[in-house]
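Chains, contacts and geometry: an overview
If you want the building blocks of each chain, they are given just below.
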Amino acid sequence: MTANELIGYDELDAAAARLQLAEDASGLHGSLCGFLAGGGRIGKQSLVEALHMDAEAATPSAGDKALLERLVKQTESELADPELGFEPLMPADDRPLAERADALVDWCRGFLGGFGLGGAQTHGKLSDEAQEILKDLGAIAASSFEFGDEAEDEDALIEVHEFVRMGAMLLFAECSNRHGPSSDTVH
């Protein structure tokens, strides 16, 4: 795996299991996205420390540390992508619908927790649209899906996924603009 190759769901899920995190890949990615969208910065601390996650494993391997550092850079880049290329990290489309729906719920739960950690002092100043998105993400996070017609359910999941994707980018744009650039790099 090269440093520029995107981290996939299964790879991150395996690392989360090795680190004995309470979150799977979707929850971990959601937490990171929420933290960054809420104005949080990782800085010199590890991702696990920044997100206040308890890692049961004694010390992460160098490979897992590097993977989490790449995940932070990849996620920051995707959230800030002017081409709107950000995607919540989810199981592959060939996985069962119920698994993907549960992963989206986990992602939203993680996002809301991370968003709260990211900079709660500024959240009272959010636009009405941003507050509505947070409310809707909360409704998704509290959901349990019932399935009926597979084609309709697939379409509904795609719509919810797209809402979550765009909502995360809007929240990131609104909160990151308030805090100024996160680095000295000029793009």
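Residues numbered from 1 in each chain as written. Predicted model: local features only at pLDDT ≥ 70, side-chain atom pairs only at ≥ 80, totals over all residues. Heavy atoms only, no water.

Remarks on the pattern of salt bridges
The condition that has to hold: The rule for a salt bridge is simple: a side-chain nitrogen of Lys or Arg has to be within 4 Å of a carboxyl oxygen of Asp or Glu. Think of it this way: any DSSP run of H or I at least four residues long counts as a helix, any run of E at least two long counts as a strand, and we number them from the N terminus. Relative accessibility decides the category of a residue: with a 1.4 Å probe and only protein chains considered, values under 20% of the type maximum give buried, values over 50% give exposed, and everything between is partly exposed.
Per the stated rule, a full pass over the model turns up 8 salt bridges. Taking the shortest distance from any N to any O, the salt bridge between R165 and E87 comes out at 3.7 Å. Placement of the pair is R165 in helix α7 (residues 150-179) and E87 in the loop between α4 (62-79) and α5 (97-119), with a sequence separation of 78 residues. Residue classification places R165 among the buried positions, given a relative accessible area of 9%. Overall, E87 belongs to the partly exposed group, its relative accessible area being 38%. Across the pair E154 and R100 runs a salt bridge, and its minimum N-O distance is 2.8 Å. Here E154 is found in helix α7, whereas its partner R100 is found in helix α5, with 54 residues between them in sequence. Its relative accessible area of 23% is what places E154 among the partly exposed residues.

Focus on the confidence of the model for the chain
In regions of low pLDDT, the predicted coordinates are not meant to be interpreted in detail. How we decide: The pLDDT value tells you how sure the predictor is about a given residue, anywhere from 0 up to 100. The criterion used for residue contact is that any of the two residues' heavy atoms lie within 4.5 Å.
Chain-level pLDDT for the chain is 85 on average; 87% of the residues reach the 70-or-more range. By mean pLDDT, the top-scoring element of the chain is helix α2 (residues 25-37) (94), and the lowest-scoring one is helix α3 (residues 47-50) (80). Residue range residues 179-187 is modelled with pLDDT below 50. Its contacts to residues more than four positions away, or to other chains, number 5 contacts.

Some details on the packing of aromatic side chains
How we decide: Classification of ring pairs uses Phe, Tyr and Trp, with its six-membered ring standing for Trp, and accepts pairs whose centres are within 6.5 Å; under 30 degrees between planes counts as stacked, over 60 as edge-to-face, and the remaining range as tilted.
A complete count under the given rule lists 3 aromatic pairs for this structure. Measuring from centroid to centroid gives 6.2 Å for F86 and W107, while their planes differ by 50°, and the two rings are tilted. One end of the pair, F86, is in the loop between α4 and α5; the other, W107, is in helix α5, and 21 residues separate them in sequence. For W107, a relative accessible area of 0% gives the class buried. On the basis of an interplanar angle of 20° and a centroid distance of 6.0 Å, the ring pair of F111 and F115 is categorised as stacked.

Section: the side chain of S26
Assignment of secondary structure puts S26 in helix α2. The residues touching S26, leaving out its near neighbours within four places in the chain, are Y9, L89, M90, P91, A103, D106 and W107.

Section: the packing of helix α1 (residues 9-18) against α4
Note the following rule: The axes are straight lines fitted to the C-alpha atoms, using for helices just the contacting stretch, and the angles between their N-to-C directions are given from 0 to 180°. Every angle not falling under 35 degrees, over 145, or within 65 to 115 is termed oblique; those three ranges are roughly parallel, roughly antiparallel and roughly perpendicular. We call a crossing left-handed when the near helix sits turned anticlockwise from the far one by less than a right angle, and right-handed when that turn is clockwise. Ten residues, namely Ala, Val, Leu, Ile, Met, Phe, Trp, Tyr, Cys and Pro, are considered nonpolar, four, namely Asp, Glu, Lys and Arg, are considered charged, and the remaining ones, Gly among them, are considered polar.
At a minimum axis separation of 11 Å, α1 and α4 run at an interaxial angle of 130°. Considered as vectors, α1 and α4 are oriented oblique to each other. Classified by chirality, the crossing of α4 by α1 is left-handed. Across from E11, L12, A15 and R18 in α1, the residues of α4 making contact are D64, L67, L68, R70 and L71. Here the residues of the contact of α1 with α4 sort into 5 nonpolar, no polar and 4 charged.

Things to note about unusual backbone geometry
Glycine aside, residues mostly have negative phi angles, and peptide bonds mostly take the trans form. Residue Q20 is not a glycine yet carries a positive backbone phi of 55°. Tracing the backbone through its elements, the reader meets Q20 in the loop between α1 and α2. For Q20, a relative accessible area of 46% puts it in the partly exposed group. Phi angles above zero are rare outside glycine, and L84 is one such case at about 60°. Structurally, L84 is set in the loop between α4 and α5.

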